[in-house]
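Remarks on the overall topology
Listed below, chain by chain, are the residues.
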Amino acid sequence: MNSNISLEVNVAGIKLKNPVIAASGCFGFGREYSRYFDLNRLGGIAVKGLTREPRKGNPPPRIAETPAGILNSVGLQNPGVQAFIEKEIPFLRGFDTAIIANASGNTIEDYEYMVKTLSDADIDGIELNLSCPNVKEGCMSFGSTANGVFEVVSRVKKKAGKPLIVKLTPNVTDITEIARAAEAAGADAVSLINTLLGMAIDAKTRRPILGNVTGGLSGPAVKPVALRMVWQVSKAVNIPIIGMGGISNGTDAVEFLLAGASAVMMGTAGFVNPMAWVETIEGLENYMAENKVKSVTELIGGLIV
Amino acid sequence: MDNIFKIAKSEMLNADTFLLTIESERIAKKARPGQIVHVKCGNGTEVYLRRPISICSVDREKGTFDLAIQIRGKGTKILSNMKPGDEIDIIGPLGQGFSLYPKHRKIIVVGGGIGIFPLLQLLKDHPADNKKAILGFRNRSLVILENEFRQSCDGLFIATDDGSYGEKGFVTDILKKEVEKELPDMVFLCGPIVMMKAGVELLKKYNVPCEVSMEQRMGCGIGACLTCVCKVKKGDDWEYTQVCKRGPVFSGDEVIFD
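Owing to the predicted nature of the structure, the values given are computational and were not obtained by experimental measurement. (Residues numbered from 1 in each chain as written. Chains lettered and ligands numbered in written order. Predicted model: local features only at pLDDT ≥ 70, side-chain atom pairs only at ≥ 80, totals over all residues. Heavy atoms only, no water.)

Let's shift gears to the overall build of chain A. Scanning chain A from terminus to terminus reveals 9 helices and 16 strands. For 305 residues, the compact-globule estimate of 2.2 N^0.38 gives 19 Å, and chain A sits close to it at 18 Å. Scored against the burial criterion, the 305 residues of chain A give a buried share of 60%. Sequence separation of at least 24 residues holds for 71% of the intrachain contacts in chain A that already meet a minimum separation of 6. Put simply, chain A shows about 11600 Å² of open surface, and 50% of that area lies on carbon and sulfur atoms. The averaged location of the 29 negative side-chain charges in chain A is 4 Å from the averaged location of its 29 positive side-chain charges. (Helix = DSSP H or I, 4+ residues; strand = E, 2+ residues; numbered from the N terminus. Rg over C-alpha atoms; globule rule 2.2 N^0.38 Å. Buried < 20%, exposed > 50% of the residue type's maximum accessible area, 1.4 Å probe, protein only. Contact = heavy atoms within 4.5 Å. Areas by Shrake-Rupley, 256 points an atom, 1.4 Å probe, with all protein chains shown as cover. Lys, Arg positive; Asp, Glu negative; His and termini not counted. Charge placed at Lys NZ, Arg CZ, Asp CG, Glu CD.)

Let's shift gears to the pairing of strand β8 (residues 106-112) of chain B. Residues and elements named next belong to chain B. In terms of burial, β8 is a largely internal element, 6 of the 7 residues being buried. As for the winding sense of the linkage, the β-α-β connection from β8 through helix α3 (residues 117-125) to strand β9 (residues 130-137) is right-handed. In this structure, β8 lies alongside strand β12 (residues 186-190), joined through 5 bridges in parallel fashion. Looking across to β12, one finds that G111 is bridged to C190. (Right-handed = clockwise from strand over helix to strand, strands pointing away. Pairing = 2+ DSSP bridges.)

Sheet strands associate in pairs through backbone hydrogen bonding, adopting either a parallel or an antiparallel arrangement. Residue and element names in this part refer to chain A. Read across the open sheet, the 4 strands follow the order β5-β6-β14-β11; overall the sheet is antiparallel. Because the sheet does not close on itself, it has two edges, and the strands there are β5 (63-66) and β11 (196-199). For this sheet, the mean angle separating the axes of adjacent strands, direction not counted, is 40 degrees. As paired elements, β11 and strand β14 (residues 214-218) share 4 bridges and run antiparallel to each other. Each bridged residue has a counterpart across the sheet, and for G198 the counterpart in β14 is G215. (Axes fitted to C-alpha atoms, helices over the stretch in contact; angles between N-to-C directions.)

With that settled, the discussion passes to the interface of chain B and chain A. At the interface, 28 residues of chain B touch 33 residues of chain A. Here chain B packs against chain A, burying approximately 2700 Å² in sum over the two surfaces, 63% of which is carbon and sulfur. One salt bridge in this structure joins B:D237 and A:K56, with 2.8 Å as the shortest N-O distance. Counting every contact that joins chain B to chain A gives 10 residue pairs in polar contact (both at pLDDT 80 or more). Only β7 (87-94) and β15 (237-242) of chain B provide two or more residues apiece to the side of chain B that touches chain A. No other element matches β15(B), which puts 3 residues into the side of chain B that touches chain A. Looking at the side of chain B that touches chain A residue by residue, the classes come out as 15 nonpolar, 6 polar and 7 charged. (Buried area = accessible area lost by both parts, 1.4 Å probe. Salt bridge = Lys/Arg side-chain N within 4 Å of Asp/Glu carboxyl O. Polar contact = N/O pair within 3.5 Å; in protein donor to acceptor, adjacent residues only side chain to side chain. Nonpolar A, V, L, I, M, F, W, Y, C, P; charged D, E, K, R; others polar.)

The subject of this paragraph is the environment of A:E177. With respect to the element layout, A:E177 can be found in helix α5 (residues 175-184). Each C-alpha atom of the pair A:E177 and A:V237 lies 9.7 Å from the other, and the pair is 60 residues apart in sequence.

Our focus in this paragraph is helix α2 (residues 108-119) of chain A. All names here are of chain A. The first and last C-alpha atoms of α2 sit 16 Å apart over 12 residues, in line with the 16 Å expected at 1.5 Å per residue. Burial analysis of α2 places 9 of its 12 residues in the buried class, the great majority of the element. Along α2, the residues classified as buried are I108, D110, Y111, E112, M114, V115, T117, L118 and S119. (Expected span 1.5 Å × (residues − 1).)

Let us look at the domain arrangement of chain B. Residue and element names in this part refer to chain B. With domains assigned, chain B is organised as domain 1 (4-94), domain 2 (106-213) and domain 3 (215-258). On a C-alpha basis, the centroid separation for the pair domain 2 and domain 3 is 23 Å. Both sides together, the interface formed by domain 2 and domain 3 hides about 750 Å², and carbon and sulfur atoms give 65% of it. Together, K197, V212 and S213 form the three largest contributors to the area buried by domain 2 at its contact with domain 3, with a combined 55%. Taken together, domain 2 and domain 3 are joined by 0 salt bridges. One can count 2 residue pairs in polar contact (both at pLDDT 80 or more) joining domain 2 with domain 3. At the level of secondary structure, the elements contributing two or more residues to the side of domain 2 that touches domain 3 comprise α6 (193-205) and β13 (210-213). Within the side of domain 2 that touches domain 3, the residues separate by chemical class into 5 nonpolar, 1 polar and 2 charged. (Domains from an automatic or database assignment.)

Residue and element names in this part refer to chain B. Taken in spatial order, the 7 strands line up as β11-β10-β9-β8-β12-β13-β16 in an open sheet, and their pairing is mixed. Single-partner strands in this sheet number two, and they are β11 (167-168) and β16 (249-251). Pairing of β8 with β9, which is carried by 7 bridges, proceeds in the parallel orientation. Paired with I107 across the strands is K131, a residue of β9. On the sheet, α3 packs against β8, β9 and β12 and is oriented at approximately 165 degrees with respect to β8. In the packing of α6 onto the sheet, contacts are made with β8, β12 and β13, and the angle to β12 comes to roughly 165 degrees.

Quick look at the structure:
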């Protein structure tokens, strides 16, 4: 690594050694990928979406391949927040990387409980999941209206003792309106985009491929939509943005930073290439060296329009 | 990451199934019967994900392993066009293979269609004195690897749905006859869900333990994405667990076939 360049960023008080974070839902609690690369390389890890009680998730099949992407309908299968605190945080704290806990719930009370519980835990930030498209209650039903977002975020903000990142759904008419509501309610940052609601059909059997019928689209296919939304939101709010959606390499990451993101998350790319996160960090370093960029912060919002 | 290997050989086994021989000393040495590899098929646009494929057999001396693959879609079609000398991107071996216990002296493997493939190396590696194989196919034209299986076991039975080769009927009919003749110590099943379910239910009546190899649409292949799940018992309850990590081989009494 070139010692003259700095990849450090600070997102709403969360110090990241580089702006590349493993995206929630794609990385479990880090154990599996730790066999493929050194987790110390990552700027941060957003863990699998957590709920108050353990969840079984949706019936399989939970994944369908689409052109340049995938649909998933996992449905928040997780061991519950207590198991995370007891079993997973000690493992994750063995690495020098920021831990972001992703929290979901069915009700506002659930979200309050989650944020309060996680604020007392040894983590660096909380990502409020108001955008999972694969569960019936909570999540996207709150996240798809400005009023819903304002209500949940303003209530949980009172319980938050850690930086609060609100994860936004792209399945709305105007994402800037949602982002503004999150900011007005006290969000310290926003992350976007969660997956785009879609479906896949098997013409041969005339049935949906996913057990849950619909699912969330991710992968390179969604990148243009994600970039556009990050750019729009960056003009609408003053809080930092974590950008994601189809990032597979350093150039993709640079594009999100230029669009206005202070950091990026990536997940789906790792399903195909377990080294995707590390290669993205290296690609970002190479871009900076080639373009004489000393600090990655110089790229944030640097889009020339 | 050690994941780029050379293809040594590619040959068609029947109209839509081919055998790829791949050079990798590490995988040949490390792979256990029943484990899978996760194979990249394309450049990532039309075929985005890897394909999970069971290891069919390994040659530990030559440092190669074989994948038997049925052309089912775009990904497997791309793989079928690969030539000796081409490079292939493979992660693995992954998951839990079959249990090879020395105390199991009599075993039976039961395979249906493309489910027969992981059973070949199992027969080769299992220390039992008496190994039988019962393989089922839809019809005669789909019967493959017959000689390889015959050479690796002490008794081979073939069933076809239409009776065009071997016995007419289901592999589980033959399994029932063989079990009634002499109780095996262990049975291994791989094939369509209906076949495995019928086999597990049958063997339960005779108190014969068994293992099944599950299949599911898969994402990461290493246990992180939680997409390739199947239903398994958990105390008095059940849970969805990863086929790629805790499987693909499960104990027959553990899986819940809905």
